[in-house]
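Listed below, chain by chain, are the residues.
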Amino acid sequence: MVPWAVRCCLATVRWLPVVFITAVVAWSYYAYVIQLCIITVESVPEKVIYLLLYHPFLILFAWSYWKTIFADPSPVPKQFYLSDSDVQRFQTAENEEAQRQILAKMARERDLPVQCRTVTGAYRYCEKCKLIKPDRAHHCSVCGTCILKMDHHCPWVNNCVCFNTYKFFVIFLGYGLLYCIYVSLTVLKYFIQFWSGGAGQGMGRFHILFLFFTAAMFAISLASLFGYHCYLSSQNRSTLESFRPPIFRSGPDKNGFSLGARANFQEVFGDNKKTWFLPMFTSMGDGVSYPTRVDANAANTYNTMGNTASPSFGDGVTYPTRTVDDDSDQLLGQRQRWAEEGDVNSPSDPNLTTFPSESRSSQVQLLSEQ
């Protein structure tokens, strides 16, 4: 158990990156508004235009940053937690297979919408939180709990980027990038003048010089990070899933939750266009269950094995599927149109005879003659 004093010190240290970013933004406001627009820029229309365009970028950037920091991370619902008696039975189980059966029974009884598995095919279980992990949930060692659709724990916001905060985080990166680009472009002319020594005196010009360097540096960093998360959003994939694909009963699939670019975008930003780019929570779903590619294609796929109720736990078997071919089925009627070599008898047609030594083409010819 970590001592109370150590936990307090760690909590304080974790806020230092947030304090640093806040201080940089506050200084940039002074350097841009006071040193650049009020003192350096001589043209009044130019001052007004700069200030009118600057403040919307600043407000949206600060608003989204605030929401990313202080939005509560997504907690796991109570039905996923094991009771004390279930934990006792799980911990005293004879072997790993018995533990699997306990988790499988609980998931069935509680009707938990869990599709992801471990490498061995078992339900994912958190030993620290004593719960069955929902799909896309992971344990955050910094927050000390399991988080729904965890992307990563970001030190710059001192919060988990997850189901509740992912939209805020992405638009925070976007508005931060726009803010830095705008500051860099409007300061560039005066930066060149001060750098060449053609204008400006005193300490004020150093604010302009450092403002350009700082804005350009952060713009480069934010551009790569924002582009990466735009790509992840289009693929409906988290940072953790990009390094370790989710495992379904059919095996690992890095695109298992991808429903197409538009549907993936709406899952994060919602279906209301008016609130897409505002720091308001509009993400779709409950953070527990997610549609998958298998669900999206289920209407167009015929499962030759049917729906198997309560499959053997952790067997990892993928049942064969095939797409219904209406033209071929109409030509052949009710006859079985694919068979193993040496076994072409169909229970529905007693007139067919088995010819183990004949080739498949000869069998098809006999079928047509009958």
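Residues numbered from 1 in each chain as written. Predicted model: local features only at pLDDT ≥ 70, side-chain atom pairs only at ≥ 80, totals over all residues. Heavy atoms only, no water.

Colleague: Hey, could you run me through the overall build of the chain in this one?
Modeller: When helices and strands are counted, the chain shows twelve helices and ten strands. Taking all 370 residues of the chain together, the buried fraction comes to 38%. The contacts in the chain between residues at least 6 apart in sequence include a share of 59% that link residues at least 24 apart. Looking at the chain as shown, the accessible area adds up to about 21400 Å², and 61% of this sits on carbon and sulfur atoms. (Helix = DSSP H or I, 4+ residues; strand = E, 2+ residues; numbered from the N terminus. Buried < 20%, exposed > 50% of the residue type's maximum accessible area, 1.4 Å probe, protein only. Contact = heavy atoms within 4.5 Å. Areas by Shrake-Rupley, 256 points an atom, 1.4 Å probe, with all protein chains shown as cover.)

Colleague: Which parts of the structure should I look at to understand helix 4 (residues 84-91)?
Modeller: Three- or four-residue spacings in an α-helix give side chains the same orientation, since the helix completes a turn every 3.6 residues. Where helix 4 is concerned, the buried positions are Asp86, Val87 and Phe90. Down the axis of helix 4, the sector holding all buried residues measures 100°, keeping them to one side. Looking at the buried residues of helix 4, the elements they touch are helix 5 (96-109) and strand 1 (125-126). (Arc of directions from axis to C-beta.)

Colleague: Would you explain the state of the cysteines in this entry?
Modeller: Here, the word disulfide means a covalent bond between the sulfur atoms of two cysteines. Under the defined criterion, the tally for this structure stands at zero disulfides. The cysteine Cys129 is free of any disulfide, with Cys146 supplying the nearest cysteine sulfur at 3.7 Å. According to the relative accessible area criterion, Cys129 is buried, its value standing at 12%. (Disulfide = S-S within 2.5 Å.)

Colleague: Explain the packing of helix 3 (residues 44-70) against helix 6 (residues 166-195) to me, please; I cannot follow it from the model alone.
Modeller: Two numbers describe a pair of packed helices, the interaxial angle and the distance between the axes. At their nearest, the axes of helix 3 and helix 6 sit 8 Å apart, and the two run at 155° to each other. Here helix 3 lies roughly antiparallel to helix 6, going by the angle between them. In the crossing of helix 3 with helix 6, the sense of the turn from one axis to the other is left-handed. Of the residues assigned to the contact of helix 3 with helix 6, the class counts are 19 nonpolar, four polar and three charged. (Axes fitted to C-alpha atoms, helices over the stretch in contact; angles between N-to-C directions. Parallel < 35°, antiparallel > 145°, perpendicular 65-115°, else oblique. Left-handed = near helix turned anticlockwise from the far one by under 90°. Nonpolar A, V, L, I, M, F, W, Y, C, P; charged D, E, K, R; others polar.)

Colleague: Could you clarify how one ought to interpret the side chain of Ser74 in this entry?
Modeller: Inspection of the secondary structure puts Ser74 in the loop between helix 3 and helix 4. Of the polar contacts made by the side chain of Ser74, one reaches the backbone nitrogen of Asn164; its length is 3.0 Å. Not counting residues up to four positions away in its chain, the partners in contact with Ser74 are Cys146, Ile147, Leu148, Cys162, Phe163 and Asn164. (Polar contact = N/O pair within 3.5 Å; in protein donor to acceptor, adjacent residues only side chain to side chain.)

Colleague: I keep staring at the packing of helix 2 (residues 16-40) against helix 6 and nothing clicks. Help me out?
Modeller: In the contact formed by helix 2 and helix 6, the axes pass within 12 Å of each other and the chain directions differ by 45°. As far as their axial angle goes, helix 6 and helix 2 are oblique. Read as a crossing pair, helix 2 and helix 6 show a hand that is left-handed. Taken together, the residues of helix 6 that come into contact with helix 2 (itself represented by Val25, Ser28, Tyr29, Tyr32, Leu36 and Thr40) are Tyr179, Tyr182, Val183, Thr186, Val187, Tyr190 and Phe194. Taken together, the residues that form the contact of helix 2 with helix 6 break down as ten nonpolar, three polar and no charged.

Colleague: Which parts of the structure should I look at to understand the nonpolar core?
Modeller: Side chains that are nonpolar tend, in soluble globular proteins, to be buried together. Within the largest apolar cluster, 45 residues are counted, with the highest numbers of intra-cluster contacts made by Tyr32, Tyr54, Val183 and Val187. Among the elements of the structure, helix 2, helix 3, helix 6, helix 7 (204-235) and helix 9 (261-269) are those that each provide at least two residues to this core. Counting residues per element, this core draws most heavily on helix 6, at 16 residues. Within the second largest apolar cluster, 26 residues are counted, among which are Tyr123, Leu131, Ile132 and Phe257. (Core = buried A, V, L, I, M, F, W, Y, C linked by side-chain atoms within 4.5 Å.)

Colleague: Sorry if this is basic, but what is going on with the confidence of the model for the chain here?
Modeller: When pLDDT drops low, the exact placement of atoms in the prediction is not to be read closely. For the chain, per-residue confidence averages 81 on the pLDDT scale, and residues scoring 70 or more make up 77% of the total. Of the regions scoring below 50 in pLDDT, residues 298-370 engages in 64 contacts with residues more than four places distant in sequence or in other chains. (pLDDT = per-residue confidence, 0-100.)

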